[in-house]
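Summary of structural features
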Amino acid sequence: KYIIKFRAFTIIFFVILFVLAAITGSQMEAQSEDEKWFSDEHFMQKAQDQAGQFSASETDNLVQIVISFGIEGVDRDGYTRWDPESYGEVIWDDSFDMSSSEAQSYLIKICEQTRNQSDLVYANHLVTCPIENFKAYLENNTYTFPYIKTGNGKSFGEVYYDYLQSDWGQPARSNALTYVDVPESGSY
């Protein structure tokens, strides 16, 4: 009975409601930018902003793998896992020593196997091995590989330090693929 009694009022109410909705709907526009769910300083918003700055390539879905020697672990006590600039402190493996000819040969072998016989590698040229650049540095500077100190010659640490400071060591320095703690005097 209510609907029949107030049908004129109900029809007028819904017509007015429809007209207002049509007017409001016609004023809507498409978003000019993505909606921001986080503040500008939030790590997720920073990641989303940076992701939009890179063009797509065939290597986008690849995961970079770094094989490191001489690192026992990372102490993350006191560091927040959500801060991308905070990695923790490296715990060096004091027993690691690459100055022996066996260790140098082993590192070269690992590089060759990773590059040539691994299903993990997308393209051979993407494998970076500081020990290969060290070998080229030695051969270019009349040393032999693997480097072994002879007589009054330079220690392995001094030669490796010189390598890191040379143009040959630039890829290792820029990619942070190697670390040598050599005192100012350059001796161990």
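Presented here is an overview of the structure given in this document.

1. As for the pattern of salt bridges
Overall, the coordinates contain three salt bridges when judged by the stated rule. A salt bridge links Arg 115 to Glu 132; the shortest N-O distance between them is 2.8 Å. Taken together, the residues Arg 115 in helix H4 (residues 101–116) and Glu 132 in helix H5 (residues 130–140) connect sequence positions 17 residues apart. By relative accessible area, Arg 115 is classed as buried at 18%. Residue Asp 162 is joined to Lys 154 by a salt bridge in which the shortest nitrogen-to-oxygen separation is 2.5 Å.

2. Quick word on the environment of Cys 129
Relative to the elements of secondary structure, Cys 129 occurs in the loop between H4 and H5. Residue Cys 129 is classed as buried on the basis of its relative accessible area of 9%. Along the backbone, Cys 129 and Arg 115 are 14 residues apart, and their C-alpha atoms lie at a distance of 9.7 Å. Apart from residues lying up to four places away in sequence, Cys 129 is in contact with Cys 111 and Arg 115.

3. Overview of the packing of aromatic side chains
The full count for this structure, using the stated rule, is ten aromatic pairs. Between Phe 134 and Tyr 163 the ring centres are 5.4 Å apart and the planes differ by 65 degrees, which places this aromatic pair in the edge-to-face class. On the criterion of sequence distance, the pair formed by Phe 134 in helix H5 and Tyr 163 in helix H6 (residues 156–165) is long-range, its members being 29 residues apart. For the pair shown, Phe 134 and Tyr 163 are each scored as buried. Counting every residue linked through ring pairs, the aromatic cluster contains Phe 134, Tyr 137, Phe 156, Tyr 160 and Tyr 163.

Calculation notes
Residues numbered from 1 in each chain as written. Predicted model: local features only at pLDDT ≥ 70, side-chain atom pairs only at ≥ 80, totals over all residues. Heavy atoms only, no water. Salt bridge = Lys/Arg side-chain N within 4 Å of Asp/Glu carboxyl O. Helix = DSSP H or I, 4+ residues; strand = E, 2+ residues; numbered from the N terminus. Buried < 20%, exposed > 50% of the residue type's maximum accessible area, 1.4 Å probe, protein only. Contact = heavy atoms within 4.5 Å. Phe/Tyr/Trp six-rings, centres within 6.5 Å; stacked < 30°, edge-to-face > 60°.

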